[in-house]
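Commentary on secondary and tertiary structure
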Amino acid sequence: MEKLLIKSGNEIHYPVLKEEVLKWINLKDGGLYIDCTCGTGGHSKFLLSSRKNIFLICIDKDEKMLEIAEENLKEFKNYKLIKSGFENIDEILEKERIYKVDGFLFDLGFSLLQVKDPERGFSFQIEGPLDMRYDRSYKLTAFDIINKWKRRDLIYIFKNYGEIKNCEKIVDKIIERRERKKFETTKELSEFISQNFKERKKIHPATRFFLALRIIVNNELECLKIGLEKSVNFLKDKGRILVISFNSLEDRIVKNFLKEKNKIKILTKKPLTPSEQELKENPLSRSAKLRVGEKDEEEKE
Ligand SMILES: C[S@@+](CC[C@H](N)C(=O)[O-])C[C@H]1O[C@@H](n2cnc3c(N)ncnc32)[C@H](O)[C@@H]1O
């Protein structure tokens, strides 16, 4: 199997489920496709290499990712990089005078390069500031949430976005500690959580707290709902929407959206997941789920 590794420094990003994405997006000659989460350009490069006469619009909130994507896509001319959020897809496409699209790809969450960059503060294993913003022009950071938000709001986000049921005690401890000394770094916070919270699942105790903070900092679930809703308005008949999600909250939104949306036919009854081969090459792909919907103008409302 040909490997498509997107490198920056020593870090490598593997575009997940890339063969499945290529198969299900169903590229057509002259087609226009939107990579809503371009990242370092892994999927974009694979699609552009697979069919000569398509055009891609590649969107990402993170300027740094787009710089790497530009380097990775330099052999192609038939694409355009745009720094924005996919929740603004209507404005982006209208500005480009694009009214109909053949396919949308969403590959949610963050890329390995963002996680491994200490400056970005996404990882509980790498020392860095409590930041977690994809778009660094936004104001809210993980530092603000953990050090300034009220008890009831912290409990709400850890329960609803980290799916941590019994978080009251740890929230009380966080509040007590931040009154003495604010949490400044990722490791300070993750070590504090490890010392004060027992995780029953086989994961690091800080995993679900960091997930909740990242979701809130980037307003991820709301952006996803808006992005999906707006995108389908631009789909051509038989155009497709592909979404790769990495946690149950995202997947639930995608599943319900495809089920409830008028004029959308679900093409994947069950989500597609990585093959044994892919899991061997890239164990980080293990939680990926791909769902695909197709615009069907004939479907009754
Ligand atoms: C999993 S990575 C994508 C990797 C990419 N498919 C590749 O193969 O290189 C997800 C990317 O989505 C970006 N992102 C997250 N939320 C976004 C949003 N609402 N709008 C645009 N980009 C977003 C992140 O900055 C990150 O670069």
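Let me begin by describing the structure that accompanies this report.

At a minimum axis distance of 9 Å, the contact between helix 7 (residues 151-161) and helix 10 (residues 207-217) shows a crossing angle of 105°. The orientation of helix 7 relative to helix 10 falls into the category roughly perpendicular. Here Ile157, Phe158 and Tyr161 of helix 7 come into contact with helix 10, specifically with Phe209, Leu211, Ala212, Leu213, Ile215 and Ile216. Residues belonging to the contact of helix 7 with helix 10 are distributed by class as follows: nine nonpolar, no polar and no charged.

Another aspect to go through is the packing of aromatic side chains. A ring pair, where both rings are aromatic, is described by two values, the distance of the centres and the angle of the planes. Applying the stated criterion across every chain, the model contains eight aromatic pairs. Taking the centre distance of 6.3 Å and the plane angle of 75° together, the rings of Tyr156 and Tyr161 count as edge-to-face. Aromatic pair Phe158 and Phe209: ring centres 4.8 Å apart, planes at 65°, arrangement edge-to-face. Residue Phe158 is located in helix 7, and its partner Phe209 is located in helix 10; the two are separated by 51 residues in the primary sequence. Residue class for Phe209 comes out buried when judged on its relative accessible area of 0%. Grouped by ring-pair contacts, the aromatic residues Phe110, Phe122 and Tyr134 constitute a single cluster. A cation sits over an aromatic face here: Arg177 above Phe183, 4.4 Å from the ring centre. Between the NZ or CZ atom of Arg214 and the centre of the ring of Phe110, over which it lies, the distance is 4.3 Å.

The next thing to look at is helix 7. Along helix 7, the residues that are buried comprise Leu154, Ile155, Ile157 and Phe158. What you see down the axis of helix 7 is that its buried residues fit within an arc of 165°, all on one side. On the buried face of helix 7, the contacting elements are helix 6 (142-148), helix 8 (168-180) and helix 10.

As a further point, take the sheet that holds strand 6 (residues 101-107). Strand order in the open sheet formed by seven strands is 5-4-3-6-7-9-8, and the pairing between neighbours is mixed. On the outer flanks of this sheet lie strand 5 (79-83) and strand 8 (264-266), each paired with one strand and no other. Across this sheet, the average inter-strand angle for adjacent strands is 20°, counted without regard to direction. Taken together, the six bridges between strand 7 (residues 235-245) and strand 9 (residues 289-295) define a ladder with antiparallel strand orientation. Of the residues in strand 9, the one forming a bridge with Leu242 is Val292. Contacts from helix 3 (residues 63-72) reach strand 4 (55-60) and strand 5 within the one sheet, and its direction differs from that of strand 5 by about 165°. Its contacts with the sheet put helix 12 (residues 248-260) on strand 7, strand 8 and strand 9, and the angle it makes with strand 9 is roughly 20°.

As a working rule, side chains carrying opposite charge can pair if their charged atoms are close by. Summed over the entire model, instances satisfying the criterion amount to 28 salt bridges. Among the ionic pairs, Lys236 bridges to Asp102, the shortest N-O distance being 3.2 Å. Of this pair, Lys236 sits in strand 7 while Asp102 sits in strand 6, placing them 134 residues apart in sequence. Given a relative accessible area of 32%, Lys236 falls into the partly exposed group. Between Arg152 and Asp153 there is a salt bridge, and its shortest N-O distance comes to 3.5 Å. In this structure Arg152 comes out as exposed when scored by relative accessible area, which is 59%. Salt bridges sharing common partners tie together Arg177, Lys181 and Glu188.

About the thresholds
Residues numbered from 1 in each chain as written. Predicted model: local features only at pLDDT ≥ 70, side-chain atom pairs only at ≥ 80, totals over all residues. Heavy atoms only, no water. Axes fitted to C-alpha atoms, helices over the stretch in contact; angles between N-to-C directions. Helix = DSSP H or I, 4+ residues; strand = E, 2+ residues; numbered from the N terminus. Parallel < 35°, antiparallel > 145°, perpendicular 65-115°, else oblique. Contact = heavy atoms within 4.5 Å. Nonpolar A, V, L, I, M, F, W, Y, C, P; charged D, E, K, R; others polar. Phe/Tyr/Trp six-rings, centres within 6.5 Å; stacked < 30°, edge-to-face > 60°. Buried < 20%, exposed > 50% of the residue type's maximum accessible area, 1.4 Å probe, protein only. Lys NZ or Arg CZ within 6 Å of the ring centre and 35° of its normal. Arc of directions from axis to C-beta. Pairing = 2+ DSSP bridges. Salt bridge = Lys/Arg side-chain N within 4 Å of Asp/Glu carboxyl O.

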